[in-house]
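Remarks on the overall topology
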Amino acid sequence: MASAFCNLNPCGSGLTKLNDYKKHTVLKRPYIDCKRLSLSPCNAEKVFPKTLRRQVEVMHCTQAFVNSNGADLGTVHEEDKEESISKATLIWRAIKLPIYSVAFIPLTVGSAAAYLETGIFSSWRYSILLISSVLIITWLNLSNDVYDFDTGADKNKVESVVNLVGSRTGTIVAAYSLLVLGFMGLTWVSFEAGNMRAILLLACAIIFGYIYQCPPFRLSYQGLGEPLCFAAFGPFATTAFYLLQGSGSKMMHLPFTGPILSASLLVGITTTLILFCSHFHQIEEDKAVEKISPLVRLGTKRGSWVVRLAIIGLYVLAFSFGLSRALPITCIFFCALTLPVARLVVSYVQENHNDKHKIFMVKYYCVRLHSLFGVALAAGLVVARTAPKISIPRLAFS
């Protein structure tokens, strides 16, 4: 833009003359011919006089100025668009209500697996465990915002809780207060159920959440967030909830059977998919603070293929578990009903992986898939118990 301004100065009143000339001459000639002639210095000397050549230069300078100005206006427009987001929308994004499905689904699937094995379901245990899980997920979200604020990863993230509240100290105090309350609830249910294996599994899941984001570990910056997420929400949390719901007078210690092991793996995959897709729109920000997420290493194109393969693998595993009798056959039927949502996620990622603004929504589509698939899986487990005639013998691992 600066060069365009400098080149306009020596032209004097050439713009006025150029307008007069364009009315009588330029409009009568095809633009393609003018462009062809202007590309050749020899042709320009023969066809245009010196004064006209200066006017043509002015026209090129003016066009450069307009193009440059247009680019700047586009940038300003995008900035205004970001600033025009309402406060209510920012608060909604900061709360991340859909993400709390990662507390609901492991508990629901684990409880359904326990019901399949024992026929026992405790509604009050389910309620306490759900409230405690929500408190711990809130700690996870708040502390993640604080530590990303410290590293600068959330510097331009307008929906960051720290940026909205304006207090890092208040946010981190609230986060750890919620963690303590949540862990107390989980511990109380574990003692009441008389199952210490469950609280050990839940403690491991919380530790994985800590080393994922908190100093001095911050393993998410080394690209290890996805494996930690898979283990915490899949095998550890889902299995722990299975043990807590199944403990009772009839069976104090449940074995690790095929249904719970298979279901926990599927829950882990859908949960990890949410985390993976949440990085599509912030690759540049992650690079700036040296956060080497898998998408920073892969790029959006290859990342879109990873999403496709992960979802294909999810359904292949679900059908394989059903056919091998690790899961009831009813789980195959209900999980197959979620295929349209899976296709939506795959097509959306492949079409918009390069569009930073559109790809932001993909994590919410993954949340939808995670929720529906988890509910379908739980429904298949429950129906297998209530309709024993279509139940399949299960593998048991002691």
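The following paragraphs examine the structure supplied in this document. (Residues numbered from 1 in each chain as written. Predicted model: local features only at pLDDT ≥ 70, side-chain atom pairs only at ≥ 80, totals over all residues. Heavy atoms only, no water.)

**Looking at the packing of aromatic side chains**
Note the threshold: Centre distance within 6.5 Å is the pairing criterion for rings of Phe, Tyr and Trp, where only the six-membered ring of Trp is used; planes under 30 degrees apart are then read as stacked, over 60 as edge-to-face, and the remainder as tilted. A run of H or I in DSSP becomes a helix once it reaches four residues, and a run of E becomes a strand once it reaches two; helices and strands are each numbered from the N terminus. Residue burial is assigned from relative accessible area. The probe radius is 1.4 Å, only protein chains are included, and a residue is buried under 20% of its type maximum, exposed over 50%, and partly exposed in between. Charge-over-ring placement is defined geometrically: NZ (Lys) or CZ (Arg) within 6 Å of the ring centre, and within 35 degrees of the ring normal.
Here the structure, examined in full by the defined rule, presents 10 aromatic pairs. The interplanar angle of 50° and the centroid separation of 5.7 Å between the aromatic rings of F121 and Y126 together place this pair among those described as tilted. On the basis of an interplanar angle of 45° and a centroid distance of 5.5 Å, the ring pair of F208 and F236 is categorised as tilted. Here the residue F208 occupies a position in helix α11 (residues 196–213), and F236 occupies one in helix α12 (residues 225–246), the gap between them amounting to 28 residues. According to the relative accessible area criterion, F236 is partly exposed, its value standing at 22%. Here K291 stacks its cationic end above the ring of Y221, 5.3 Å away from the centre of that ring.

**Re the pattern of salt bridges**
The line we're drawing: Definition used for salt bridges: Asp or Glu carboxyl oxygen within 4 Å of a side-chain nitrogen of Lys or Arg.
By the definition in use, this model includes three salt bridges. E192 serves as the salt-bridge partner of R125, at 3.0 Å between the closest nitrogen and oxygen. Here R125 is found in helix α8 (residues 123–151), whereas its partner E192 is found in helix α10 (residues 168–193), with 67 residues between them in sequence. Residue classification places R125 among the buried positions, given a relative accessible area of 9%. Assessed through its relative accessible area of 39%, E192 is described here as partly exposed. Between K356 and E285 there is a salt bridge, with the nearest N and O atoms lying 2.9 Å from each other. On the criterion of sequence distance, the pair formed by K356 in the loop between α18 (339–352) and α19 (362–386) and E285 in helix α14 (residues 283–288) is long-range, its members being 71 residues apart.

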